[in-house]
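# A closer look at the structure
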Amino acid sequence: MTRREITLEVAEYLDSDDSRASSVPREEAREVLHRFLECAYERVAKAPQHLDGEDLSAILRDHLPRHFRRREPLAQQVSDTLESYLDDLETRHTVVHSFELRQALAMNASAFLSAVEIGSADPASVAPSEQIVGRGSKVGRNDPCPCGSGKKFKKCCGRG
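My aim in this report is to walk through the structure given alongside it, one point at a time. Treat the numbers as computed from the prediction; the structure is a model and nothing was measured. (Residues numbered from 1 in each chain as written. Predicted model: local features only at pLDDT ≥ 70, side-chain atom pairs only at ≥ 80, totals over all residues. Heavy atoms only, no water.)

## Considering the overall build of the protein
Going by this rule: Secondary structure counts use DSSP, requiring at least four H or I residues in a row for a helix and at least two E residues in a row for a strand, with both numbered from the N terminus. Between two residues, a contact is recorded if the distance between any of their heavy atoms is within 4.5 Å. Each accessible area value is a Shrake-Rupley result obtained with a 1.4 Å probe; residue values ignore everything except the protein chains displayed when judging cover.
Secondary structure assignment for the protein yields six helices and zero strands. The secondary structure elements of the protein, listed N-terminal to C-terminal, are α-α-α-α-α-α. The contacts of the protein with a sequence gap of at least 6 include a subset with a gap of at least 24, amounting to 59%. For the protein, the exposed surface amounts to about 10,000 Å²; the carbon and sulfur share of it is 49%.

Below you can see the structure in the form of structure tokens.
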């Protein structure tokens, strides 16, 4: 889904009665929902009405925290915004896994907030992986095998 389509989906929600009834300020709801929809469409590759509980759990635990800076206050609005969005989604579409989605949201909201609080999913906090460099001398095929078997390397671990 393109950014334009995500923007239209967000606008459709913001124009709904469910959005107006929500306690989340409009601009904050817009930003939260935009980040959520990016995760749904780009990471899980599903439209929100086709998500199931496992998909939403993965979004909340693994994908969505990466869209928030460490201790970003906006993260506090995610649960309420998604709850309201699910209400709206059910009025516009048939959501087969509605019950699962609500349970996944309730069960993973605190894990999401914890990840944002400690910054464990913040891309800036993830250390780059170190490249492993072999420091030993190269073993020739006719040399004794380094495993200690007493055989030549080509007859032991060097068999390919």
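There is more to say after this.
## Some remarks on helix α5 (residues 78-92)
What counts is decided by this rule: To estimate the expected span of a helix, count its residues, drop one, and scale the result by 1.5 Å. Exposure categories follow from relative accessible area, calculated using a 1.4 Å probe and restricted to protein chains: below 20% of the type maximum is buried, above 50% is exposed, and the middle band is partly exposed.
For α5, which comprises 15 residues, the first-to-last C-alpha distance of 21 Å matches the rise-based estimate of 21 Å (1.5 Å per residue) to within 8%. Buried within α5 we find V78, T81, L82, S84, Y85, L86, D88 and L89. The secondary structure elements touched by the buried residues of α5 are α1 (3-14), α2 (17-21), α3 (26-44), α4 (53-63) and α6 (98-118).

## What about a positive patch on the surface?
Quick note on the threshold: Like charges within 9 Å and nonpolar side chains (Val, Leu, Ile, Met, Phe, Trp, Tyr) within 5 Å are joined into patches, using only residues over 30% in relative accessible area that form no salt bridge. Whenever a carboxyl oxygen of Asp or Glu lies within 4 Å of a side-chain nitrogen of Lys or Arg, that contact is scored as a salt bridge. Only four residue types enter the tally: Lys and Arg on the positive side, Asp and Glu on the negative side; His and the chain ends are excluded. One atom stands in for each charge, and that atom is NZ of Lys, CZ of Arg, CG of Asp or CD of Glu.
Taken together, R141, K151, K152, K155 and R159 make up a surface patch of like positive charges. Position of K151 relative to the elements: it lies in the segment after α6. The exposure class of K151 is partly exposed, given its relative accessible area of 47%.

## Quick look at α6
End to end, α6 covers 30 Å across 21 residues, agreeing with the expected 30 Å (1.5 Å per residue, within 8%). Looking at the packing, one finds that the buried side of α6 touches α4 and α5. Positive backbone phi, approximately 75°, marks G119, located one or two places after α6.

## What about the packing of aromatic side chains?
In this description, an aromatic ring pair is defined by two values, namely the gap between the centres and the angle between the planes. Heads up, the rule is: The criterion for an aromatic pair is that two Phe, Tyr or Trp rings (for Trp, the six-membered ring) have centres within 6.5 Å, with stacked assigned to planes under 30 degrees apart, edge-to-face to planes over 60 apart and tilted to the rest.
Applying the stated rule across the entire model yields three aromatic pairs. Geometrically, the ring pair formed by F36 and Y85 is edge-to-face, given 6.2 Å between the ring centres and 65° between the ring planes. Of this pair, F36 sits in helix α3 while Y85 sits in helix α5; the two residues are 49 residues apart in sequence, bridging distant segments of the chain. We note that F36, like Y85, is buried.

## Comments concerning the state of the cysteines
Between two cysteines, a covalent bond joining their sulfur atoms is known as a disulfide. Definition in use: Two cysteine sulfur atoms make up a disulfide if the distance between them is within 2.5 Å.
Applying the stated criterion across every chain yields a total of zero disulfides. Counting only cysteine sulfurs, C145 is the nearest neighbor of C157, a cysteine outside any disulfide, at a range of 3.5 Å.

## Focus on unusual backbone geometry
For A45, which is not glycine, the phi torsion reads 60° and is therefore positive. Turning to its location among the elements, A45 is positioned in the loop between α3 and α4. One non-glycine residue, R71, adopts positive backbone phi at about 60°.

## Let's talk about the pattern of salt bridges
Tallying each qualifying case throughout the model produces 15 salt bridges. A salt bridge links E9 to R92; its shortest N-O distance comes to 3.0 Å. A residue pair is termed long-range when its members are at least 10 positions apart, and E9 in helix α1 and R92 in helix α5 qualify at 83 residues. Judged by relative accessible area, E9 falls into the buried class, the value being 9%. Of the charged contacts, one joins E117 and R71 as a salt bridge, the two residues approaching to 3.1 Å between their closest N and O atoms. Here E117 is found in helix α6, whereas its partner R71 is found in the loop between α4 and α5, with 46 residues between them in sequence. Residue E117 is classed as partly exposed on the basis of its relative accessible area, which comes to 38%. Note on R71: relative accessible area 49%, which makes it partly exposed.

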